[in-house]
Each structure stands twice: as structure tokens, then as C-alpha cells.
Amino acid sequence: MSQICKYVAIDGSELNFGIDGNLYFGDGLRKHSYSYVAPYGRLLGFKNEDIVEYQANIYVSNKNSNSTKLKNEIFETFEKDIIFKNNNPLTSKYGRLYINGYYLNCFIREMSAIGYLKTSRTLRQTVSIITDFPNWIKEIEFFFTDLEEASSGKKYPYSYPYSYATRAAKQKLQNFYIMPVNFKMEISAKEGKIATNPYVIIGDQKYQFNINIQDDEKLIVDSMKKSIIHVLSNGEVSDVLYVRDKLSDIFKKIPIGESDVSISKNTNIKLTLLIERSEPEWT
């Protein structure tokens, strides 16, 4: 029995498994193990291993023609990620192995071909998959925008003596996972506007940034990497960690359950929840 999954290389090229009948991934991807913390013989807790390896089998089965092209494609897809890592040892880029919408940042560091002398049409390869971040991640996106109308307010009929700024119903964010989660936040300004010191309030937590964002710029916040990046209109990128508001935890995880969301004037926000599991979800 095979499973549907795919490997996406650093350059974006893909290998799809379990779809067209020619390429399969076998067992071995669903495992996890925690090391334990037990000073003086007392169990205090658990933590992920620093480096984790998975052993699995890849099957090539092209019964109608020679599978040489597919075999070479598999090798080259995995190999170029290894070469990229060797040439860029501090890179944050990985290959990604996807199962059921979850991905594992990883590299394929070892391949061993079995049975290749018997026939050119089929092949079994044992592979070693290595990662230094042994959690599978699923990304769930939410979009929020400033819902407040112009501050001049709305004039009511019948000569009421007041003018009111109108706000739409509160926006909602839902985290239905079993624990608070990390996030990526992409902040931009509305078209033709400037987002001045933009912020978002999620529940009782305020995330504010002391910077002006033009409508052709982006501010990208990553709570997992503890980074804040400013992307200019020409594509220039700069690290602007210093613009974070110092009075609150700007990288605080998104809480469990449903939270009210409000954001600053002239602001658009794409918020991506990063659901982390020791194994991909069963479906």
C-alpha cells in the first residue's frame, strides 16, 4: 500500500508519489520520538530530538517503458538540494516533504538502489530523510483588513446632533489546534494609503510595529524564526527587528480557540497559523 505525498525541492521542482502509478513512497514516514529530561533520576519533561532521520522506501514502477528518465529525475531532485545546502550552510531553505497538507523541512541524504539489475522498469530505493526540525507543519491562512470607515463619520438623518465613525462586526480568528501556535504575519497598506505604526490586536495581545509601510511594501513577521523583515517595492529586503514594540511579546503564539481581531487604520494583514505536529494528521 502506498501513500499520496510529494517532495518539493528548494528550487520549486516537485516529485509526486502515489498519483500516476509510477512512483510510490512506502512506510517509514510516520514515527516520532521524544527525548526525556530526568535529572537525578526524576522525570521532568520531554523535548524533541535535535536531529531526526526517517528510513523509507521509494518504489519506481513504470511497467510500460524504461524508467531511466524517472530514476534520474529522482536522483537529481534530491541531489541539488544537498549541493545547495553545502554551498549555503547557513541557509534557512529546505526541501519539503508533504503529506495530507503537512510538510517536513528536510533533506534526502542517502539513497540505496535495490533490484536494479533485474529489470529496467522497476526499482526500490531505500532513502534516509534527515531534519533538524522534526515537526510536521500545516499552514492555515487568514486575511484581515481595516474595517473602519473614514474618521469624519457617518451623518444620520433627522438632524441628530452627533456623527459616528462606523465599525463593521468584529473579525474573528480561529485556532482549533490543541495548543497555541506560531505564525507568519504579512502586513501591507491599503492601495494608495500608508500604514503608520501598524498593529493587530488578537484577543488581549497587541502586535505593534513602529514603522510606516507604503502600499507597495510588506512587513513580514515570523514568530518561529523570531524575525521581522521589511520588503521594499524594488524587492530589497532588510532586517528590522528593532521596529517591534518593546512593551509586548511581539512573537507570542496565537492562543487556542476563537479570538477577536482588530487592526490599525489603512492596514491589510495576511496571518498564517503554523500548526506543528510530531506526525502528519491522519485522514
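Residues numbered from 1 in each chain as written. Predicted model: local features only at pLDDT ≥ 70, side-chain atom pairs only at ≥ 80, totals over all residues. Heavy atoms only, no water.

### Here we look at the overall build of the chain
Turning to step 1, where the next piece is worked out: Scanning the chain from terminus to terminus reveals 1 helix and 23 strands.
Turning to step 2, where the next piece is worked out: In the chain, which comprises 283 residues, the proportion classed as buried is 37%.
Turning to step 3, where the next piece is worked out: Intrachain contacts of the chain at a sequence separation of at least 6 include 67% that bridge at least 24 residues.
Turning to step 4, where the next piece is worked out: Accessible surface, the chain: about 16800 Å² in total, of which carbon and sulfur atoms supply 51%. (Helix = DSSP H or I, 4+ residues; strand = E, 2+ residues; numbered from the N terminus. Buried < 20%, exposed > 50% of the residue type's maximum accessible area, 1.4 Å probe, protein only. Contact = heavy atoms within 4.5 Å. Areas by Shrake-Rupley, 256 points an atom, 1.4 Å probe, with all protein chains shown as cover.)

### Focus: the packing of aromatic side chains
Turning to step 1, where the next piece is worked out: Within this structure, the stated rule accounts for 7 aromatic pairs.
Turning to step 2, where the next piece is worked out: Taken together, a centroid distance of 5.5 Å and an interplanar angle of 55° make the contact between Y98 and Y103 tilted.
Turning to step 3, where the next piece is worked out: The ring of Y102 has R277 sitting right over it, with the charged end atom 6.0 Å from the ring centre. (Phe/Tyr/Trp six-rings, centres within 6.5 Å; stacked < 30°, edge-to-face > 60°. Lys NZ or Arg CZ within 6 Å of the ring centre and 35° of its normal.)

### Focus on empty space enclosed by the protein
Turning to step 1, where the next piece is worked out: Throughout the structure, instances matching the rule amount to 1 cavity of 30 Å³ or more.
Turning to step 2, where the next piece is worked out: Its volume calculated, the largest cavity comes out at about 30 Å³.
Turning to step 3, where the next piece is worked out: For the largest cavity, the full set of lining residues is Y177, M179, P180, V181, N182, K253, L274 and E276. (1 Å grid on protein atoms, 1.4 Å probe; cavity = no way out; pocket = protein on both sides within 12 Å on 5 of 7 lines; lining within 4 Å. Points joined across faces, edges and corners; volume = space filled by probe spheres on them.)

### Quick word on the nonpolar core
Turning to step 1, where the next piece is worked out: F25, I129, M185, F209 and L271 are the most contacted members of the largest nonpolar core, which has 56 residues in total.
Turning to step 2, where the next piece is worked out: The contact partners of M185, leaving out residues within four places of it in the chain, are V200, Y207, F209, L219, I220, V221, I269, K270 and L271. (Core = buried A, V, L, I, M, F, W, Y, C linked by side-chain atoms within 4.5 Å.)

### Some remarks on the sheet that holds strand β16 (residues 199-202)
Turning to step 1, where the next piece is worked out: Pairing within the open sheet is antiparallel, and its 4 strands lie in the order β13-β22-β16-β17. Edge strands, defined here as strands with exactly one partner in the open sheet, are β13 (171-175) and β17 (205-208). Taken over all neighbouring pairs, the strand axes of this sheet differ in orientation by 25° on average, direction set aside.
Turning to step 2, where the next piece is worked out: Alignment of β16 against strand β22 (residues 257-263), held across 3 bridges, turns out to be antiparallel. Each residue of the ladder has a partner; that of I202, found in β22, is V261. (Pairing = 2+ DSSP bridges. Axes fitted to C-alpha atoms, helices over the stretch in contact; angles between N-to-C directions.)

### Some points on the pattern of salt bridges
Turning to step 1, where the next piece is worked out: Under the definition given, this model contains 8 salt bridges.
Turning to step 2, where the next piece is worked out: Among the ionic pairs, E110 bridges to R109, the shortest N-O distance being 3.9 Å.
Turning to step 3, where the next piece is worked out: We classify R109 as partly exposed; its relative accessible area is 45%.
Turning to step 4, where the next piece is worked out: The salt bridge involving K190 is made with D146; its shortest N-O contact spans 3.9 Å. (Salt bridge = Lys/Arg side-chain N within 4 Å of Asp/Glu carboxyl O.)

### Thoughts on the side chain of T91
Turning to step 1, where the next piece is worked out: Assignment of secondary structure puts T91 in the loop between α1 (68-87) and β7 (95-99).
Turning to step 2, where the next piece is worked out: Here the side chain of T91 touches K93 through a polar contact of 3.0 Å, landing on its backbone nitrogen.
Turning to step 3, where the next piece is worked out: Those residues in contact with T91, other than ones at most four positions away along the chain, are F84 and K85. (Polar contact = N/O pair within 3.5 Å; in protein donor to acceptor, adjacent residues only side chain to side chain.)

### What to know about unusual backbone geometry
Turning to step 1, where the next piece is worked out: Although it is not a glycine, N100 adopts a positive phi angle of roughly 50°.
Turning to step 2, where the next piece is worked out: Tracing the backbone through its elements, the reader meets N100 in the loop between β7 and β8 (102-114).
Turning to step 3, where the next piece is worked out: For N266, which is not glycine, the phi dihedral falls at a positive 65°.
Turning to step 4, where the next piece is worked out: Mapped onto the elements, N266 comes out in the loop between β22 and β23 (267-277).

### Considerations on the layout of surface pockets
Rolled over the atoms, a probe as big as a water molecule pinpoints where empty space is left.
Turning to step 1, where the next piece is worked out: The volume enclosed by the largest pocket comes to roughly 510 Å³.
Turning to step 2, where the next piece is worked out: Lining the largest pocket are 19 residues, and of these S92, Y94, R96, N105 and K225 lie nearest its centre.
Turning to step 3, where the next piece is worked out: Counted by class, the lining of the largest pocket contains 9 nonpolar, 3 polar and 7 charged residues. (Nonpolar A, V, L, I, M, F, W, Y, C, P; charged D, E, K, R; others polar.)

### What about the side chain of T131?
Turning to step 1, where the next piece is worked out: With respect to the helices, strands and loops of the structure, T131 is situated in strand β9 (residues 122-131).
Turning to step 2, where the next piece is worked out: According to the relative accessible area criterion, T131 is buried, its value standing at 3%.
Turning to step 3, where the next piece is worked out: Looking at T131, its side chain comes within polar contact range of the main-chain nitrogen of F133, at 3.0 Å.
Turning to step 4, where the next piece is worked out: When residues no more than four places from it in sequence are discounted, the contact partners of T131 are D50, I51, V52, Y54, L104, N105 and C106.

### Overview of α1
Turning to step 1, where the next piece is worked out: When the terminal C-alpha atoms of α1 are compared, their 28 Å separation across 20 residues agrees well with the 28 Å that a helix rising 1.5 Å per residue should span.
Turning to step 2, where the next piece is worked out: L70, K71, I74, T77, F78 and D81 are the residues of α1 that are buried. Along the axis of α1, the buried positions cluster into a sector of 140°, meaning they face one direction only. Set apart from the buried face of α1 by more than 90 degrees, the exposed residues are K69, N86 and N87. (Expected span 1.5 Å × (residues − 1). Arc of directions from axis to C-beta.)

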